[in-house]
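Each chain is listed here by its residues.
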Amino acid sequence: VYSGRIVRLADFKSKFVDSRNIDVWLPESYDKAANKKSFSVLYFNDGQMLYDSSITWNHQEWGVDETMTSLISKNKIRECIVVGIWNGGKNRHSEFCPQKPFDKLPEAYKDSLLKEGSRNNGDRLFNADILSDNYLHFIVAELKPTIDSMFRTQRNKSSTFIAGSSMGGLISLYAICEYPDVFGGAICMSTHWPLIFSTENNSFPEKMFDFMRNNLPDPAHHKIYFDYGNQTLDALYPSFQEQADKIMMEKGYGKKSWQTLFFDGDDHSEKSWNRRLHAPFEFMLGK
């Protein structure tokens, strides 16, 4: 890593989802002998993509350690531990698909998505039933208590955040709605509102927006960040993000509790998310 160090919890076992690696990044200040303070914690989906491009499928990375270190050194954000949760591989879409909005879809449409939904390369999207409620329960009931027991963490919601991009952004939004007493902030970059790769006759966004109307947490005690580009897969998002922004305003979110940024020309990739990662970090963790 660029600075600090990573503690890997290899093959972390769960009663709710398949086991996976957890990579915990500790800032340099964590190990200083005179520094026994506790730290905020950012739980990050797709954890294998955060630090090392040599091990990722597309040879790209978020560069979380570089961005965190730079902003901390400039005294722009609070010091923070980052918990990178590796995704479930073939079950990623099933784990990251918000379950309650999905359950509101017509039965025939749900069945067709689960059986026939595919990526652009023809691979199946869903290799299991929807697992997102189990996935969040794993984070809240198993992973967070372990992290809190092993490291010097601030355990209150105002110091606990969750982040991700694409489907990882969708599950981060779902997480803060489902567990508002656990997460005080959610970073949702290039949120994949359509769930699949087509917007035609796609009723999932409508169900997700209904869920937001009924379940967004209190803006007085929570912060939510969105962003999006307009190239490659991000080209699908502008109209959906406009609808989401209207709901945020309807529910009382304002400048202190919510930010949506548009990055003209950005595509759907770790390179784009890396370039603009300072923005959500400063909004969510700014001093």
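First things first, this report covers the structure right here in the doc. (Residues numbered from 1 in each chain as written. Predicted model: local features only at pLDDT ≥ 70, side-chain atom pairs only at ≥ 80, totals over all residues. Heavy atoms only, no water.)

### Observations concerning the side chain of S172
Among the secondary structure elements, S172 is positioned in helix α6 (residues 167-178). For S172, the side chain forms a polar contact with the side chain of N45, separated by 3.1 Å. (Helix = DSSP H or I, 4+ residues; strand = E, 2+ residues; numbered from the N terminus. Polar contact = N/O pair within 3.5 Å; in protein donor to acceptor, adjacent residues only side chain to side chain.)

### Topic: the pairing of strand β2 (residues 20-26)
For β2, a buried count of seven out of seven residues is recorded, marking the element as mostly surrounded by other parts of the structure. Looking at chain direction, β2 and strand β4 (residues 80-85) are connected through four bridges and run antiparallel. Within the sheet, the bridge partner assigned to I22 lies in β4 and is I85. (Buried < 20%, exposed > 50% of the residue type's maximum accessible area, 1.4 Å probe, protein only. Pairing = 2+ DSSP bridges.)

### Remarks on helix α7 (residues 204-215)
Between the first and last C-alpha of α7 there are 16 Å, a value that for 12 residues agrees with the 16 Å anticipated at 1.5 Å per step. Along α7, the positions that sit buried rather than exposed are F204, P205, M208, F209, F211 and M212. Buried residues of α7, viewed axially, fall in a sector of 155°; they line one side. (Expected span 1.5 Å × (residues − 1). Arc of directions from axis to C-beta.)

### Details of the nonpolar core
Counting residues in each nonpolar core, the largest one holds 62 residues, and the members touching the most others are Y43, V83, L173 and W193. Here the element with the most residues in this core is α6; it accounts for eight residues. Ranked by size, the runner-up nonpolar core spans 26 residues in total, among them M49, Y51, C80 and A279. (Core = buried A, V, L, I, M, F, W, Y, C linked by side-chain atoms within 4.5 Å.)

### Thoughts on the sheet that holds β2
Taken together, the eight strands give an open sheet; going across it, the order is β1-β2-β4-β3-β5-β6-β7-β8, and neighbouring strands pair in mixed fashion. On the outer flanks of this sheet lie β1 (5-12) and β8 (258-262), each paired with one strand and no other. Neighbouring strand axes in the sheet, compared pairwise and without regard to direction, differ in orientation by 15° on average. Of the strand pairs in this sheet, strand β3 (residues 40-45) and β4 are connected by six bridges, and their pairing is parallel. When the sheet's bridge partners are listed, L42 is paired in β4 with V82. Against the sheet, α6 makes contact with β3, β5 (160-165), β6 (185-189) and β7 (223-228), and its axis sits at roughly 150° relative to β5, the strand it touches most. Lying on the sheet, helix α8 (residues 238-250) is in contact with β7 and β8; it crosses β7 at an angle near 160°. (Axes fitted to C-alpha atoms, helices over the stretch in contact; angles between N-to-C directions. Contact = heavy atoms within 4.5 Å.)

### Observations regarding the packing of helix α1 (residues 64-73) against helix α10 (residues 278-285)
Put simply, α1 and α10 touch, their axes get as near as 10 Å, and they point 50° apart. In this view, α1 runs oblique relative to α10, as classed from their interaxial angle. Note on packing geometry: the crossing formed by α1 with α10 is right-handed. In this structure, α1 uses V64, T67, M68 and L71 to contact α10, whose residues at the interface are H278, F281, E282 and L285. (Parallel < 35°, antiparallel > 145°, perpendicular 65-115°, else oblique. Left-handed = near helix turned anticlockwise from the far one by under 90°.)

### Observations concerning the packing of α6 against α7
Put simply, α6 and α7 touch, their axes get as near as 10 Å, and they point 30° apart. The pairing of α6 with α7 is recorded here as roughly parallel in orientation. When the axes of α6 and α7 are compared, the crossing they make is left-handed. Residues L170, L173, Y174, C177 and E178 of α6 pack against F204, M208, F211, M212 and N215 of α7.

### Some details on the packing of aromatic side chains
What the rule picks out here adds up to 14 aromatic pairs. When the centroid spacing of 6.0 Å and the interplanar angle of 45° are considered together, the rings of Y135 and F138 count as tilted. Taken together, the residues span about one helical turn, with Y135 and F138 both in helix α5 (residues 132-150) at a distance of three residues. Across the pair, exposure class does not vary: Y135 and F138 are buried alike. An aromatic cluster is present here, built from F12, F96, Y135 and F138 joined pairwise through their rings. The ring of F39 has K37 lying over it, and the distance from NZ or CZ to the ring centre is 5.5 Å. Against the face of Y30 rests R152, its NZ or CZ located 4.1 Å from the ring centre. (Phe/Tyr/Trp six-rings, centres within 6.5 Å; stacked < 30°, edge-to-face > 60°. Lys NZ or Arg CZ within 6 Å of the ring centre and 35° of its normal.)

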